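Reading the structure
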Amino acid sequence: MSYFEKFCPECGQRLEGAKICPKCGFEIPEETPTTAEEASISVTKKTTKKSTPRSGDDSTWKSLEDIIAFVGRFSWIILAIIAFFLILGAIISFIGSGIVLGIWNLLSVAIMAYLIWTYGKVYSQKSKEKDWSFLVNDVLVIGSIQIPKMLAYGIVICIFTYGTGIILIVLPALLTMFMGPEEFSFSTK
């Protein structure tokens, strides 16, 4: 029986079932259980690692799904508009308030532009398609902790946009993670 980790234990790169990590070249060793009991325990542990559909009452999720998809689809456009206002705020800050606030606003715009350009299109498209599995499983791995990119980027944007990222990205990310159709675990092990 062969099983390959979802993430590389050396660098944290997503493996997608590969035997060798495409980033660092680490070869994932095959596990071979010695007894039938170890094999059944091993299979049980491995199946719990994978993202599985939630069971139970999903009426709450069904009522929230369209709203979250709408917010996810258009939040990046709203953030681009906010970036425009931050540019105006930076200009006004340089003139009236001082250099520190102006630099903060310019830094905010630069970070938002980068995140909107790199991940905003993906997040928007997957929200439009209601591909919740991708959004929950597209993660940043830090040690043995995995954090969905939409949540991590939402927190960064929240810091630099005076809190508007909470409503536009962080709240939909948390609802998708904990109430959505896919189960999520912060641990890779």
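The rules behind the values
- Residues numbered from 1 in each chain as written.
- Predicted model: local features only at pLDDT ≥ 70, side-chain atom pairs only at ≥ 80, totals over all residues.
- Heavy atoms only, no water.
- Phe/Tyr/Trp six-rings, centres within 6.5 Å; stacked < 30°, edge-to-face > 60°.
- Buried < 20%, exposed > 50% of the residue type's maximum accessible area, 1.4 Å probe, protein only.
- Lys NZ or Arg CZ within 6 Å of the ring centre and 35° of its normal.
- Core = buried A, V, L, I, M, F, W, Y, C linked by side-chain atoms within 4.5 Å.
- Helix = DSSP H or I, 4+ residues; strand = E, 2+ residues; numbered from the N terminus.
- Contact = heavy atoms within 4.5 Å.
- pLDDT = per-residue confidence, 0-100.
- Pairing = 2+ DSSP bridges.

Topic: the packing of aromatic side chains
The tally for this structure, following the rule as stated, stands at three aromatic pairs. Note on Phe84 and Phe85: the rings are 5.7 Å apart at their centroids and 70 degrees apart in plane angle, and the pair reads as edge-to-face. With a relative accessible area of 52%, Phe85 lands in the exposed category. The side chain of Lys121 reaches across the aromatic face of Trp117, ending 3.9 Å from its centre. Across the ring face of Phe134, the terminal group of Lys126 is positioned such that the distance to the ring centre comes to 4.8 Å.

Digging into the nonpolar core
Ranked by size, the top nonpolar core spans 28 residues in total, and within it Trp76, Leu79, Met112, Met150 and Ile157 carry the most contacts. Residue assignment for this core shows that the elements contributing at least two residues are helix 2 (59–97), helix 3 (99–129), helix 4 (132–137), helix 5 (149–160) and helix 6 (164–179). Considering every element that reaches this core, the biggest residue donor is helix 2, with eight residues. Residues within four places of Met112 in sequence aside, it is in contact with Leu79, Ile82, Ala83, Leu86, Ile157 and Thr161.

Considering the side chain of Ser127
Looking at the element boundaries, Ser127 is found in helix 3. Once residues lying within four places of it in the same chain are set aside, the contact partners of Ser127 are Ala69, Gly72, Arg73, Trp132 and Leu135.

Some words on the confidence of the model for the chain
When pLDDT is averaged along the chain, the result is 74; 76% of the residues meet or exceed 70. Mean pLDDT per element in the chain: helix 1 (residues 36–49) is the minimum at 44, and strand 2 (residues 145–148) is the maximum at 87. Taken as a whole, residues 1–5 scores under 50 in pLDDT and shows 16 contacts with residues more than four places along the chain or in a different chain. Ignoring residues within four places in sequence, the model shows residues 42–51, a span with pLDDT below 50, making 13 contacts including any to other chains.

Section: the pairing of strand 2
The side chains of a regular strand alternate, first on one face of the sheet and then on the other. A one-sided burial pattern is seen for strand 2, the buried positions being Gln146 and Pro148 and the unburied ones Ile145 and Ile147. With four bridges connecting them, strand 1 (residues 139–142) and strand 2 associate as antiparallel partners. For Val139, the partnering residue across the bridge sits in strand 2 and is Pro148. Two successive antiparallel strands, strand 1 and strand 2, enclose a turn made up of two residues, where Gly143 displays a positive phi of approximately 65 degrees.

Thoughts on the environment of Ala110
Here Ala110 shows up in helix 3. Accessibility expressed as a relative area gives 47% for Ala110, which makes it partly exposed. Taking C-alpha positions, Ala110 is 9.9 Å from Phe160, a pair spaced 50 residues apart along the chain.

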